[in-house]
2 protein chains.
Amino acid sequence: MCIRYQKGKNEYKNWIVNESEFNVKSQHKFETIFSLGNGYMGTRASLEERYSRERRGFYIAGIFDEYPGEVTEMPNLPDWIETDIYINGEKFNMYKGRIYQYSRNLNLKDGTLVRNFIWENHKGHILQFNFERIISMKNLHTALLKINIEPMNFSGKIEVVSGINGRVSNSGTQHLKEGIKRLVGDDILYIPETQQSEVKVYMRLSHNILVNKSTPNVEKEFIASRRILKRSFKFNFEKGDNIEINKYLSIYSSRDKKIDGNLETKTLNNLNKIKAKGYSKLKKEHIDKWSSIWNDIDIKISGSNYDQLAIRFALFHLIQMTPNHDDRISIAAKGLSGEGYKGHVFWDTEIFILPFYIYNYPETAKKLLKYRYNTLDGARKKAKDNGYNGAMFAWESANSGEETTPKYGDVDILTGEEIRIWSGETEQHITVDIQYAIDQYFKVTDDFKFMKNYGFEIFFESTRFWTSRLEYNDKRDYYEINNVMGPDEYKEHIDNNAFINHMVYWQFEKALEYIEIIRDKQPDFYKNLKTRINLNQEEIQEWKTKKDKIYLPQPEKGNIISQYEGYQDLPEIDLEKYKQGEVGDIFNDFGWEQITNSKVSKQADVVILTYLLEDKFNTETIKANYDFYEPLTLHDSSLSPAIHAAVASRIGKIESAYNLFQRAARIDLGENMNSSDKGLHSASLGGLWQAIIFGFAGFNYKDKKVYLNPKLPNKWNMVSFKIKVRDNVYQLAITKEKINIQEIRVKEPIPFIVNETSYKVKEKIIIKY
Amino acid sequence: MCIRYQKGKNEYKNWIVNESEFNVKSQHKFETIFSLGNGYMGTRASLEERYSRERRGFYIAGIFDEYPGEVTEMPNLPDWIETDIYINGEKFNMYKGRIYQYSRNLNLKDGTLVRNFIWENHKGHILQFNFERIISMKNLHTALLKINIEPMNFSGKIEVVSGINGRVSNSGTQHLKEGIKRLVGDDILYIPETQQSEVKVYMRLSHNILVNKSTPNVEKEFIASRRILKRSFKFNFEKGDNIEINKYLSIYSSRDKKIDGNLETKTLNNLNKIKAKGYSKLKKEHIDKWSSIWNDIDIKISGSNYDQLAIRFALFHLIQMTPNHDDRISIAAKGLSGEGYKGHVFWDTEIFILPFYIYNYPETAKKLLKYRYNTLDGARKKAKDNGYNGAMFAWESANSGEETTPKYGDVDILTGEEIRIWSGETEQHITVDIQYAIDQYFKVTDDFKFMKNYGFEIFFESTRFWTSRLEYNDKRDYYEINNVMGPDEYKEHIDNNAFINHMVYWQFEKALEYIEIIRDKQPDFYKNLKTRINLNQEEIQEWKTKKDKIYLPQPEKGNIISQYEGYQDLPEIDLEKYKQGEVGDIFNDFGWEQITNSKVSKQADVVILTYLLEDKFNTETIKANYDFYEPLTLHDSSLSPAIHAAVASRIGKIESAYNLFQRAARIDLGENMNSSDKGLHSASLGGLWQAIIFGFAGFNYKDKKVYLNPKLPNKWNMVSFKIKVRDNVYQLAITKEKINIQEIRVKEPIPFIVNETSYKVKEKIIIKY
């Protein structure tokens, strides 16, 4: 194990994730969890010098390309990090000679990645190395690298070879035409273009070399070959010199929103600007920006250093992966940290991540929801293609909103059969999940303008979809939703999934409620909207009629809601062994058919229903279903533990809740050296925030009031965080004894109601500033 | 420097090229010069374990694919060589721990590549490694790898991870769709498909693991991910065990000629066959096949070990790169050893390589010429597209014969201007070069059947092209060929290049001669041919008329033939410095415009004219032109030194000849660690054969007689070789004193005429067996 959590000291305590040695086995783990990004772009943490097993990755959010016969994905862009260093002709590599005092730190507070070590080559020459990189949060089109080298016991000659290398791919698939590469003065300009979607990427890289803060005599050359353009810098050094190499990258793309003027000029101007500013100032701006973000979003946990680090790690990556600058793209399932799920957008954004933004940066939440508006035509197309009305959202969504879930996954390499992926067709619940998120956003922000311009249209178009989707069962005289997949992906082609039917019922209720509100309060807009989406009274009447006859699975024996029709008749499998093991262990002993036909779940299904529609179920039902389903759930989806933690916490099972929270908090940050190979688990990172705020802190905003029902884990002494509701910002500090509520910025105070029954509050103080 | 030439002992003396240490700087050199192939496929000599700077390459002759916006090229196929070895969990890599007694041998005699060394890891565990690979000459669809490991001072556990890795590309460009990958029993089946040309490649790989010749208990797993399918084998070993891992690859493609039945079955059947035979037998068959080839083609040189090794190295690679099994593809400029020139076919085949085949394996020479017949439609298209008649051959040719020379080369990375490549339009001499080769083949083989079926049609269609190509100058009343590039590529857009005009004149002469022969001897065929290619008396008359008025630059002052019109007026550049330097050095000091407007040549131009059409010029002219042009020639083309060596030898400048021969013999095999990065220099390898046979040995077959006028280099005591003329095989042994001519297989004896004037023969023995 080479991950350390307690390396941060003083002001960096619980802000540092440390790699204590370089090990080929954990290479991909650190490439992912140490990835840097600013929502516009993201880079995996591959090293400056290259190693054979590495998976380099550099992405711009929202660029997609389709290679013949493959599914559209986020192309891996040319690499600008690679830097070869030759010391007296010998190429530096950590496998050669010896490495002392190796340390690589992801600094969550400053948003930097820093690598330090001392290298002794086989001649006994010793050098101190320091590598630092930054993807600027302040200036989205700027990325920086700084290398410091100090030769400790000899003088000699150094050669630095650095530039842009386009010989990268998505696991072998090349999405980019080579395009233009040019040496302009001392800068490297590289403009590749995606082969199918025809997006041009403008990269311009500049180097600055200093020895003891002055410019040395440098012998310069360039190296140009296919898909490669680099510079070589040769210069002499004396023992004890401080050699510094700065790399400045300016990057734009033809997909960028509203770029005025020539992109090449834009790229150049930005480069000139940042070069003039210099590394230190840019770094300071970047840290300041992070500092202001942390001031808004940090959650302080007292009592567990790991938990403190873990929630910061989660928030850090959520911020890094969110394309806050552009409402035409949303958050990818792996953020900008890897190729997994091809950069596609799932329900992960709306159900798992969005609450964090709604309560912290509602403007960002709005942008993420606007992505769904901007892809509404794709959803309309999907509905039409499948014989439905309205808008049926893509299970996996990219640029256009059309379905991008591959129809077939990996071939079963034993039978040769293609493994059919049904989620694109059957995970239809995405369409109601998005509506749930819209309603949450509206509830917390009162943003009627958003609803008028975008929200209602999405909501009603989706209601239309469900109206056409409902299947009438004339024997039973109710509407069913059959042949679907619920959140639990170990169950395919099921009928009347409780989660889906209840959520869809909720959507009809809410749609009718919206109609009433608009009709009463905004008659002009109502008229206008009806014309815009061609909505008439008959259709609204149909919603009412159908709603009332939707089959809603009810709590039955022992208060258990059947996950879907027939679930209770399935046999059980003894899951004890698999619940302790690794994801997917059960497949070693059971085939797909057996698993899909047994009482075994990949993730929360009825449990997430009782989580999202809490008010629809009484506490006994929520409890009974948690107790029934959790033991049957393997948490083989990273979406599962955090939600279970929140529900467990709500029903007072603090120990279980904390265990599941811990599990969620270790999916990426934990000691497993392979779980994050293909990228971060965004949904789980968002789920951690929910487990703390909606779970342990017991925060619940409804009917324009905040209800607090905290149940802190034993280990925790306090949790403290800011929360934004209807433009009011509060700072909450919750201990086992007290709740301290500070008004940071209040326009229209919100009532806070603390449940003093289940939460043994000894003292409650509300302080106003 | 880590190349050694004298490692071969006893029966391997002068058969071994040795790499004495692994050095990242010479990685690409050895990947190229140690490449293995059998004409069907070729693989670069990248190592089993991976290193970051490697350029892995595996190709099948004749498969081409075009990536959007790029030129068609030979795709780099999935890698089957890669093998990761973990010793007690530590991944083996030569950079870790220490390496003793490193040696990698290309064994030219056996056609094997063998790597040996002892590795001590940082724990002091010592292992002896031996890697051997074979691309079977006997069975074109078979490739083999054998790894032997002996743990010398410890017992432990080993894991071998091996399979097929499709994450390879052509310098970043991916030509292959992933296709099918499957685990069938213990075998790995991988069927990728080119994305544009839709060729399927069928690869099936099997492993056999032995410890002390027995099958150990092996824990097996598979690793499947995007474009990757591998096996993992784990087993225990004791100190002193002999661990052996065999890899068997069976490979076919949908482009293969006349494959009956299912290709997957074919691939399986071959795999089963070779596995049943086993590594040792397959190796023996392979060595036997090489042995029989060497029996035919070996040239024995006494007096210089390097020269002996160099000619074998040349012949070895010529055989390896020649797709002898298929007349729809010819030899690529870099063979199957690298991506350089994209696998395209140039005049290199006909002018530089073909003579070796004509005099050794005329059947192969015929196939290579049939490639031009099979691509005649492409040549017809090029003629038509350019407004000419007949067939205008592509300067760079791939599958269809259409022009594949890129119109633009690398962009000038300083000015951003695209560098226009004119050779596709202006190196029109390829069309006459091919005719010269056809005539040579016909002259030496008397293969009238080939001529009737293919040769005449190519010849006359090309004559037609030249007829339409000639430009009438009414002022001077002769035909010109303007705006061309001659062999010397430092001169663009020139008029009346001596080489081209003389060669085209020769073609007209020869065409008319052929017409007469056919008309007289084969009246029926003549009639038939005239119908087939729509040839009439008028057209033949036009050939006669035009031929007589082609402008033929004549020897002028000092017997010098002007390379083209105006050449003699150009200024000179002092070339001394560049003649000693590296290829392209002159560009450091002079721009393209200056070079193209000065008396400086990249390669033989008038000199190669006097070489090919020797009989058209008297010795004084040949001599004068050599003396004039050689000092102006930088030999910046690898096509230059060998031809100059042959001419120098013919004119008695033995020392110069030998120096140039040496230069040619070091282009790939020499100490320069970068010259072969992108692949072998096929033409130079063929030129070496010509320099020896047509140069030093003074061999000249004409008018159905062999003329011998040998002039051995000082260092040489003897040169000995077989030669095949009109189905008669002779073995010649030439010393400075004697010529020994053995009749190996003679049907119709050929007269041998030795020039006893210029060659001071002391004794001449003709022995008949």
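As shown above, the structure is provided for reference.
Residues numbered from 1 in each chain as written. Chains lettered and ligands numbered in written order. Predicted model: local features only at pLDDT ≥ 70, side-chain atom pairs only at ≥ 80, totals over all residues. Heavy atoms only, no water.

A.B. asks: Would you explain the packing of helix H4 (residues 305–321) of chain A against helix H19 (residues 654–665) of chain A in this entry?
C.D. replies: When two helices pack together, their arrangement is given by the angle between the helix axes and the distance between those axes. Residues and elements named next belong to chain A. Between H4 and H19, the least distance of the axes is 10 Å, while the angle of their chain directions is 55°. Here H4 is positioned oblique relative to H19, judged by the angle of their axes. In the packing of H4 onto H19, the handedness of the crossing is left-handed. Seen from H4, the contacting residues are Tyr306, Asp307 and Ala310; seen from H19, they are Tyr658, Phe661, Gln662 and Ala665. Tallied by class, the residues present in the contact of H4 with H19 amount to five nonpolar, one polar and one charged. (Axes fitted to C-alpha atoms, helices over the stretch in contact; angles between N-to-C directions. Helix = DSSP H or I, 4+ residues; strand = E, 2+ residues; numbered from the N terminus. Parallel < 35°, antiparallel > 145°, perpendicular 65-115°, else oblique. Left-handed = near helix turned anticlockwise from the far one by under 90°. Contact = heavy atoms within 4.5 Å. Nonpolar A, V, L, I, M, F, W, Y, C, P; charged D, E, K, R; others polar.)

A.B. asks: Can you walk me through the layout of surface pockets in this structure?
C.D. replies: One water molecule sets the probe size; rolling that probe over the atoms shows where empty space is left. Of the voids in this model, the second largest pocket is the one considered here, and its volume is about 1500 Å³. Forming the walls of the second largest pocket are 43 residues, and the residues nearest its centre are Tyr95, Lys96 and Gly97 of chain A together with Tyr95 and Lys96 of chain B. Secondary-structure elements contributing two or more residues to the lining of the second largest pocket are strand E7 (90–91) and strand E8 (98–107) of chain A together with strand E7 (90–91) and strand E8 (98–107) of chain B. In terms of residue count, E8 of chain A provides more of the lining of the second largest pocket than any other element does, five residues in total. For the lining of the second largest pocket, the class distribution of residues is 14 nonpolar, 14 polar and 15 charged. (1 Å grid on protein atoms, 1.4 Å probe; cavity = no way out; pocket = protein on both sides within 12 Å on 5 of 7 lines; lining within 4 Å. Points joined across faces, edges and corners; volume = space filled by probe spheres on them.)

A.B. asks: Honestly, the pattern of salt bridges in this entry has me stumped. Any pointers?
C.D. replies: Any two side chains of opposite charge can pair if their charged atoms end up close together. Residue and element names in this part refer to chain A. Taken as a whole, this structure holds 131 salt bridges over all chains when the rule is applied. Ionic pairing is found between lysine 546 and glutamate 542, a salt bridge with its closest N-O pair at 3.2 Å. Within this pair, lysine 546 and its partner glutamate 542 are both found in helix H13 (residues 537–548), separated by four residues, close to a single helical turn. On the basis of relative accessibility, which here comes to 12%, the residue lysine 546 falls in the buried class. A salt bridge links aspartate 615 to lysine 702, with the shortest nitrogen-to-oxygen separation between them at 2.8 Å. Here lysine 702 lies in strand E24 (residues 699–702) and aspartate 615 lies in the loop between helix H16 (606–612) and helix H17 (619–629), a separation of 87 residues in the sequence. Of the residues examined, aspartate 615 reaches a relative accessible area of 56% and is grouped as exposed. (Salt bridge = Lys/Arg side-chain N within 4 Å of Asp/Glu carboxyl O. Buried < 20%, exposed > 50% of the residue type's maximum accessible area, 1.4 Å probe, protein only.)

A.B. asks: Would you take a moment to explain the relation of the copies chain A and chain B for this structure?
C.D. replies: Each of the two copies of the chain can be brought onto the other by a rotation about an axis and a shift along it. In the superposition of chain A on chain B (RMSD 0.0 Å, axial shift 0.0 Å), the rotation amounts to 180°. As the rotation angle and translation indicate, the two copies are arranged about a two-fold axis. Comparing interface residues between copies, 100% of those in chain A also lie at the interface in chain B; the contact surface is shared. (Least-squares fit on C-alpha atoms with pLDDT ≥ 70 in both.)

A.B. asks: I tried to follow the interface of chain A and chain B on my own but got confused; where do I start?
C.D. replies: For interface size, the figure often reported is the accessible area lost on association. The interface of chain A with chain B comprises 41 residues on the first partner and 41 residues on the second. Buried area between chain A and chain B, summed over both chains or domains, comes out near 3600 Å², and the portion from carbon and sulfur atoms is 51%. Our count for the chain A to chain B interface comes out at eight salt bridges. For the salt bridge of glutamate 339 of chain A with arginine 226 of chain B, the shortest nitrogen-to-oxygen distance reads 3.5 Å. Scanning the region where chain A abuts chain B turns up 18 residue pairs in polar contact (both at pLDDT 80 or more). Those elements that place two or more of their residues in the side of chain A that touches chain B are strand E13 (176–184) and strand E16 (219–225) of chain A. Of all the elements, E13 of chain A adds the most residues to the side of chain A that touches chain B, at five residues. (Buried area = accessible area lost by both parts, 1.4 Å probe. Polar contact = N/O pair within 3.5 Å; in protein donor to acceptor, adjacent residues only side chain to side chain.)

A.B. asks: What is the right way to read unusual backbone geometry from this model?
C.D. replies: Residue and element names in this part refer to chain B. Although it is not a glycine, lysine 213 sits at a positive phi angle of roughly 70°. Structurally, lysine 213 can be placed in the loop between strand E15 (201–211) and strand E16 (219–225). Positive phi is not limited to glycine here, since aspartate 727 has a value of about 70°. Relative to the elements of secondary structure, aspartate 727 occurs in the loop between strand E26 (718–725) and strand E27 (728–735).

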